[in-house]
Amino acid sequence: MLTINETVIPDGDTELGDNLLYYDYNIDHILSLEAKGQTIEDEGYISAFRSFEGEVYENYIYEKLLRYAANEPQIKSFIIKGPHKNRTRAMSDALSVSWKGQIIYRARHKEIGEFDGLLFTDKELYFVEMTLVKSVSNLKKRLRKKRALLEVLFPRYEVKALLVLNEGATGTSDLPSYASVWITKPYSARHILDRLSAKSPRAPMIRIESSKIAHAEELKISAFKYYATLSWMLRSLRNKNPIDLDFFRRPATQRYHDIYTKVYVGYMSVDDFKILAPDLSWNASNASRVVVAIEKDHSGGYFLTYFIRHSSKKLDNVTLSASGSKVAKKDPFGITLTEMNHLDKVMDQNFAITLDQHVELSRILATLTH
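Residues numbered from 1 in each chain as written. Predicted model: local features only at pLDDT ≥ 70, side-chain atom pairs only at ≥ 80, totals over all residues. Heavy atoms only, no water.

Chemist: Please provide a residue-by-residue account of empty space enclosed by the protein, values included.
Modeler: As enumerated under the stated definition, the model contains 3 cavities of 30 Å³ or more in all. Taken as a whole, the largest cavity holds about 60 Å³ of empty space. Contributing to the lining of the largest cavity are Y62, L65, L66, A69, F78, I79, G117, L118, L119, V128 and M130. Mapped by element, the contributors of at least two residues to the lining of the largest cavity are α2 (43-71), β1 (77-79), β5 (117-120) and β6 (124-131). In terms of residue count, the dominant contributor to the lining of the largest cavity is α2 (4 residues). A per-class count over the lining of the largest cavity returns 10 nonpolar, 1 polar and no charged. (1 Å grid on protein atoms, 1.4 Å probe; cavity = no way out; pocket = protein on both sides within 12 Å on 5 of 7 lines; lining within 4 Å. Points joined across faces, edges and corners; volume = space filled by probe spheres on them. Helix = DSSP H or I, 4+ residues; strand = E, 2+ residues; numbered from the N terminus. Nonpolar A, V, L, I, M, F, W, Y, C, P; charged D, E, K, R; others polar.)

Right, here's the structure in full:
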């Protein structure tokens with residue numbers, strides 16, 4: 001197992017030269033707030049600066065890991081990204097580096113996975129997550145998704161996570177066993193913002209020369225057909241009434257569940273769903289049905305979640321509780337909407353869920369854990 005500790009990535013960025021200045025940052029919003037007289041004392045400015053600082057921290061740690069990986073015998077290859085790589089367009093159904101220098105996986109034209117870093121040993125694949133968040137408790141879902149995707153793409157490797165966090169981060173004791181944690185000293189990106197805003201001259205980029213450098217688009221990955229797999233899971237789940245429980249509990253199914261974050265099981269009529277959610281507003285809605293899916297919760301159980309497409313670009317995600325309906329607006333250009341478009345072509349009347357089937361499905365899920 002790869003060991004990362006404070007001696008591997010020492011504090012300070014003097015050995016990085018001006019490399020951090022070569023990454024892409026959008027500081028226009030921060031500069032506009034400064035022009036209005038806002039400072040670190042203002043809530044809006046704090047939010048904008050923290051977002052920027054998180055980007056710089058990711059690049060700072062990546063630069064450190066790059067140097068470590070080049071000299072660590074256990075590491076056989078690492079993915080090059082950012083200004084270390086010539087700009088390319090991200091590819092569909094492939095692992096590649098986007099125009100902005102991020103390691104991503106796309107299904108058709110939609111991004112479904114992003115990785116801060118990828119390191120390979122003989123038998124292990126580490127995906128790296130660098131973040132300045134104060135608590136990592138909410139990262140579990142993201143870690144599950146990334147790990148599951150890499151397990152599908154690289155089945156011969158044992159996939160593990162490496163989290164690089166700032167001192168004071170909480171929730172690390174609750175992370176899964178495949179996740180290792182390295183804690184850094186407090187980090188400030190103020191000097192980087194000052195250099196960028198002043199447009200000061202940069203020293204030449206320091207390039208890392210190593211035979212271990214790998215390009216994402218050249219790696220051999222196992223085939224993963226995002227939408228075909230989505231259809232296969234839907235049909236397989238509905239082989240029995242209301243779902244095929246044996247299929248649902250298979251490790252392979254659960255792995256795909258983590259990738260998609262939800263598994264679709266059918267649809268309900270709008271009239272039936274109004275009985276379940278009488279407080280829901282349907283003003284100006286053209287919805288013809290309500291798509292039903294299963295998600296995993298943070299406590300180890302499952303719950304039903306519902307998707308209502310009111311129009312071509314308006315999609316709501318609804319959850320139900322004893323206190324009523326909770327609605328979350330989905331990105332009108334996001335992956336979930338394209339999934340809805342795909343399901344419209346796949347789900348005929350055989351995938352309809354009655355109120356009685358909904359009751360039974362809810363009962364079954366209440367007995368399951370993951």
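Chemist: Any chance you could break down the sheet that holds strand β14 (residues 324-329) for me, citing the residues and the numbers?
Modeler: The 5 strands lie next to each other as β10-β11-β12-β13-β14, forming an open sheet whose pairing is antiparallel. The open sheet has two edge strands, β10 (262-268) and β14, and neither has a second partner. With direction set aside, neighbouring strand axes in the sheet form an average angle of 30°. Here strand β13 (residues 314-321) pairs with β14 via 6 bridges, running antiparallel. Paired with D316 across the strands is K329, a residue of β14. (Pairing = 2+ DSSP bridges. Axes fitted to C-alpha atoms, helices over the stretch in contact; angles between N-to-C directions.)

Chemist: Describe in detail the layout of surface pockets, supporting the description with residues and values.
Modeler: Of the volumes computed, that of the largest pocket is approximately 870 Å³. Lining of the largest pocket is provided by 30 residues; of these, S51, E53, G54, E55 and E58 occupy positions nearest its centre. Going through the elements one at a time, α2, β3 (103-107) and β4 (110-115) are the ones with two or more residues in the lining of the largest pocket. Take the lining of the largest pocket: its biggest share by element is 9 residues, from α2. Looking at the lining of the largest pocket, its residues break down into 10 nonpolar, 9 polar and 11 charged. Counting residues per element, the ones that place at least two in the lining of the second largest pocket are β4, β6, α3 (140-153), α7 (251-260) and α9 (335-346).

Chemist: Tell me what's going on with the environment of S51, and back it up with residues and numbers.
Modeler: Position of S51 relative to the elements: it lies in helix α2. Considered as a pair, S51 and L132 are 81 residues apart in the sequence and their alpha carbons are 9.2 Å apart.

Chemist: Kindly report on the environment of K76, identifying the contributing residues and their values.
Modeler: The residue K76 is located in the loop between α2 and β1 in this model. The exposure class of K76 is partly exposed, given its relative accessible area of 42%. With 249 residues separating them in the primary sequence, K76 and S325 have C-alpha atoms 51 Å apart. Here the side chain of K76 touches P73 through a polar contact of 3.1 Å, landing on its backbone oxygen. (Buried < 20%, exposed > 50% of the residue type's maximum accessible area, 1.4 Å probe, protein only. Polar contact = N/O pair within 3.5 Å; in protein donor to acceptor, adjacent residues only side chain to side chain.)

Chemist: Describe the nonpolar core, listing the residues and the values that go with them.
Modeler: One finds L118, L163, F224, Y264, F273 and I294 to be the most contacted residues of the largest nonpolar core, which totals 80 residues. Excluding anything up to four places from it in sequence, L163 contacts E129, V136, L139, L143, L175, A179, S180, V181 and W182. Counting residues in hydrophobic clusters, the runner-up holds 38 residues, among them I27, A48, V164 and I192. (Core = buried A, V, L, I, M, F, W, Y, C linked by side-chain atoms within 4.5 Å. Contact = heavy atoms within 4.5 Å.)

Chemist: Quick one: what's the story with the sheet that holds β3, residue by residue and with numbers?
Modeler: Here 3 strands make up an open sheet; going across it, the order is β2-β3-β4 and the pairing antiparallel. Of all strands in the sheet, those bounded by a partner on one side alone are β2 (94-97) and β4. In this sheet, neighbouring strand axes are inclined to one another by 35° on average, regardless of whether the strands run parallel or antiparallel.

Chemist: Could you give me a rundown of the pattern of salt bridges, with the residues and numbers involved?
Modeler: Taken as a whole and judged by the stated rule, the model has 23 salt bridges. In this structure, R195 and D18 form a salt bridge, with 3.1 Å as the shortest nitrogen-oxygen distance. Of this pair, R195 sits in helix α4 (residues 190-198) while D18 sits in the segment before α1 (28-35); the two residues are 177 residues apart in sequence, bridging distant segments of the chain. Residue D18 is classed as buried on the basis of its relative accessible area, which comes to 14%. It is possible to trace a salt-bridge network through shared partners that takes in E34, R190 and D194. (Salt bridge = Lys/Arg side-chain N within 4 Å of Asp/Glu carboxyl O.)

Chemist: Just give me the short version of the packing of α2 against α4, but keep the residues and values in it.
Modeler: Following both chains from N to C, one finds α2 and α4 inclined at 95°, their axes separated by 10 Å at the closest point. Comparing their axes, α4 and α2 come out roughly perpendicular. Every residue of α4 that contacts α2 at Y45, F49, F52 and V56 is listed here: R190, I192, L193 and L196. Taken together, the residues of the contact of α2 with α4 sort by class into 7 nonpolar, no polar and 1 charged. (Parallel < 35°, antiparallel > 145°, perpendicular 65-115°, else oblique.)

Chemist: Mind laying out the packing of aromatic side chains, listing which residues take part and the relevant values?
Modeler: One pass over the full model with this rule turns up 20 aromatic pairs. Between the aromatic rings of W232 and F247, the centroid separation amounts to 5.2 Å while the plane-to-plane angle is 85°, which identifies the pairing as edge-to-face. With W232 in helix α5 (residues 226-237) and F247 in helix α6 (residues 245-249), this pair connects stretches of sequence that are 15 residues apart. The class of W232 is partly exposed, set by a relative accessible area of 39%. Ring-pair connections join several aromatic residues into one group, and the members of that group are Y105, F224, Y226, Y227, W232, F247, Y256 and Y260. Residue placement shows K274 over the ring face of W282; its charged tip is 5.5 Å from the ring centre. Over the ring of Y267 we find R289; its NZ or CZ atom is 4.5 Å from the centre of that ring. (Phe/Tyr/Trp six-rings, centres within 6.5 Å; stacked < 30°, edge-to-face > 60°. Lys NZ or Arg CZ within 6 Å of the ring centre and 35° of its normal.)

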